[in-house]
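# Architecture at a glance
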Amino acid sequence: MSTGRHDPANAARRLSVLVGVLSVPAFVGLWELVARSRIVNAVLFPPPSTVAVAVLDWINSGQFFGDLSASLFRVTAGFAIGASAGIMFGILTGQFRLISSLLSPLFHILRPIPPIAFVPIVILWFGLSEAGKLFLVVWGVFFTVWLATHIGVQKVDRGLIRAALMLGTPRRQMLSEIVFLGALPYIVVGLRTAVSISFYTLVAAELAGAFSGIVYRIEIAQQNMQTGQVMGGLAALGLLSFVADRSFAAISERAVWWR
Amino acid sequence: MMHNSLRPTQPLRLVDAPPSPSSATAQATIRVEDLSIVFDAARGTVIAVDRVSLDVMPGEFVSLVGPSGCGKSTLLNAMAGLERPFEGRVTVAGGPMLGPRPDVGMVFQQPHLFPWKSVRRNIAHGPRALGKSKAEALRMADDLIEMIGLTRFANAYPHTLSGGMQQRVAIARALANQPRVLLMDEPFGALDAQTRAVMQDNLLELRDRIHATIVFVTHDIDEAILLSDRVLIMSAGPGRILRGLSVGLPRPRSSAILTDPAYLALKRDCLDLIRTEGRKAFAQMEAVT
């Protein structure tokens, strides 16, 4: 039996940590080597150094922050509107059978249509305005949050509701406190899924035509064959949605504070 | 009432106490008249409660005892306004029960505490819902927390408490609205034997300090005799009251009497009654079908 630093399990763990730390740099290094070795076309497949230069140029030109704030606004505003509406309708359809009979069939027909499929009609309705982009993000977020809330409300412990009824809880408080907080663990899961959906729909919305935004910049760079800038844009988008997901995960752990 | 005429010096006997004593019904706190409750089930309708009448007098502690599925919880829910009568009616303090009312409190088998609220805020929920100021509601909550002996846990969340502590909070929460009637649906049924004995003693003490009329559902005959002034024995399918018995044990009581020979005699009578009445009801049912 081995002990101390000769412990094979310990050594295996250290090795896996080391490999984990080196993973991304090794990949970037390999990419740089392959791109510079002329095995591939460096115009279509630029080395990381070229991408880094393109990103610096983007930031220095002052366009980066304009693009970032345009995209961020669309995502956050669309998410906020879609999520609030989704929670509100989810509570109503989850709690009241008549409202559910009225709306649920409609929502279930519209929900499976990928939001991206609405791009053509959105362009007809809204042109290239901001309203159209918001509409797409709201549309994508709404159904996910609605369904999660609807299910969550139906799973609220009926005993809690009866207890609240016996204590004279007014109907308004019943919905805004007992039902909402009772369903919150489900709602939070729906909201987290909706974060990534809001980024998908952002991409569709900006590709359909915009005047600024990260995905818009990627498309312009593609048309000008600036592949470094394209990849820089992808990296920025990836980083942005990664940060959004992580921060939402952190928030959602605190949202259900009584656990 | 009959049990008042019994003195501890007399041999303890069970005395018949009909569900609706015809003499003193005028000022009954809870009045159930010809109540039937019917449920739609997969195979037709099920009669959960069948033409039950009973009166509960102000300040009285009445237990409903019976096998599971005998409709005792349904009957209690009807008194709570959570279940609508199919026939007949339920009145509390002269007013019909058309829905839950703040002067009728309820403790369920599960505590059903609001998991997002601390002990204090759970107890303050009722007074807040009825429009009391936050300060006043919390002050009432603190008084009740002291009464149930959980001062150290006032700011704890329910999931950090044991089952017995949670149920004490649930009782305090129901009492916070100072209900005229407290309905308890097997409140100690989910607790272990030791905790249950402590809770029964607590309830006996609590009962002397509050002035609520209590209806207590249980399938535990010991618990029913220990706590009650009157025990109503129910039969299953359809739910009917077979017999009402007055418990002449002196108060204050504690769970120590559970081993007292007088108490044991009482319990034997009671069990005999349940057995014979149960057999009779069973024979009747077989004769009908």
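As shown above, the structure is provided for reference.
What counts and what doesn't
- Residues numbered from 1 in each chain as written.
- Chains lettered and ligands numbered in written order.
- Predicted model: local features only at pLDDT ≥ 70, side-chain atom pairs only at ≥ 80, totals over all residues.
- Heavy atoms only, no water.
- Contact = heavy atoms within 4.5 Å.
- Buried area = accessible area lost by both parts, 1.4 Å probe.
- Salt bridge = Lys/Arg side-chain N within 4 Å of Asp/Glu carboxyl O.
- Polar contact = N/O pair within 3.5 Å; in protein donor to acceptor, adjacent residues only side chain to side chain.
- Helix = DSSP H or I, 4+ residues; strand = E, 2+ residues; numbered from the N terminus.
- Nonpolar A, V, L, I, M, F, W, Y, C, P; charged D, E, K, R; others polar.
- 1 Å grid on protein atoms, 1.4 Å probe; cavity = no way out; pocket = protein on both sides within 12 Å on 5 of 7 lines; lining within 4 Å.
- Points joined across faces, edges and corners; volume = space filled by probe spheres on them.
- Axes fitted to C-alpha atoms, helices over the stretch in contact; angles between N-to-C directions.
- Parallel < 35°, antiparallel > 145°, perpendicular 65-115°, else oblique.
- Left-handed = near helix turned anticlockwise from the far one by under 90°.
- Patch = residues over 30% accessible without salt bridge, like charges linked within 9 Å, V, L, I, M, F, W, Y side chains within 5 Å.
- Areas by Shrake-Rupley, 256 points an atom, 1.4 Å probe, with all protein chains shown as cover.
- Buried < 20%, exposed > 50% of the residue type's maximum accessible area, 1.4 Å probe, protein only.

On to the interface of chain B and chain A. Contact residues are listed per partner, giving 25 residues for chain B and 20 residues for chain A. Together chain B and chain A conceal approximately 1900 Å² of surface at their shared face, both sides included; 68% is due to carbon and sulfur atoms. It is His112(B), Trp116(B) and His125(B) that lose the most area in chain B upon contact with chain A, and together they represent 34% of the buried surface on that side. Here chain B and chain A share 1 salt bridge between them. Residue Lys117(B) is joined to Glu177(A) by a salt bridge in which the shortest nitrogen-to-oxygen separation is 2.9 Å. If you look at where chain B meets chain A, you find 8 residue pairs in polar contact (both at pLDDT 80 or more). Looking at the side of chain B that touches chain A, the elements with two or more residues in it are helix 1 (72-80), strand 7 (104-107), helix 2 (119-129) and helix 4 (163-175) of chain B. For the side of chain B that touches chain A, the per-class residue count stands at 15 nonpolar, 7 polar and 3 charged.

Following the criterion strictly, the structure yields 2 cavities of 30 Å³ or more and no others. In this structure, the largest cavity spans a volume of roughly 50 Å³. Around the largest cavity, the lining residues are Val122(A), Ile123(A), Gly127(A), Leu128(A), Ser129(A), Gly132(A), Lys133(A), Leu136(A), Ala205(A), Ala208(A) and Gly209(A). Secondary structure elements with two or more residues in the lining of the largest cavity: helix 5 (119-126) and helix 6 (130-154) of chain A. If one sorts the elements of the lining of the largest cavity by residue count, helix 6 of chain A sits on top with 3 residues. Across the lining of the largest cavity, the residue classes break down as 6 nonpolar, 4 polar and 1 charged. Put simply, the second largest cavity is a space of about 40 Å³. As for the second largest cavity, its lining consists of Ala163(A), Met166(A), Leu167(A), Met106(B), Ala170(B), Arg173(B) and Ala174(B). Secondary-structure elements contributing two or more residues to the lining of the second largest cavity are helix 7 (158-166) of chain A together with helix 4 of chain B. With 3 residues, helix 4 of chain B is the largest single contributor of residues to the lining of the second largest cavity. Here the lining of the second largest cavity is composed, by residue class, of 6 nonpolar, no polar and 1 charged.

What follows concerns the side chain of Glu32(A). Residue and element names in this part refer to chain A. Along the polypeptide, Glu32 turns up in helix 1 (residues 8-36). Polar side-chain contacts of Glu32 include one of 2.8 Å to the side chain of Ser49. Not counting chain neighbours up to four residues away, the residues in contact with Glu32 comprise Pro47, Pro48 and Ser49.

We now examine the packing of helix 3 (residues 63-95) of chain A against helix 4 (residues 97-110) of chain A. Residue and element names in this part refer to chain A. At a minimum axis separation of 6 Å, helix 3 and helix 4 run at an interaxial angle of 120 degrees. One finds that helix 3 runs oblique with respect to helix 4. As helix 3 packs across helix 4, the resulting crossing turns out to be left-handed. Here Phe89, Leu92, Thr93 and Gln95 of helix 3 lie close against helix 4, whose contacting residues are Arg97, Ile99, Ser100, Leu103, Ser104 and Phe107. Here the contact of helix 3 with helix 4 is composed, by residue class, of 5 nonpolar, 4 polar and 1 charged.

Okay, a nonpolar patch on the surface next. All names here are of chain A. On the surface, a cluster of nonpolar side chains totalling about 570 Å² of accessible area is made up of Leu15, Val17, Leu18, Val19, Val21 and Leu22. You can see Leu15 is positioned in helix 1. With relative accessibility at 52%, the residue Leu15 sits in the exposed group.

Quick look at the pattern of salt bridges now. For the structure shown, the criterion picks out 21 salt bridges over all chains. A salt bridge links Asp103(B) to Arg180(B), with the shortest nitrogen-to-oxygen separation between them at 3.6 Å. In this pair, Asp103(B) is assigned in the loop between strand 6 (95-96) and strand 7 and Arg180(B) in the loop between helix 4 and strand 8 (181-185), connecting sequence segments 77 residues apart. One salt-bridge network, in which partners are shared between bridges, spans Arg74(A), Glu130(A) and Glu206(A).

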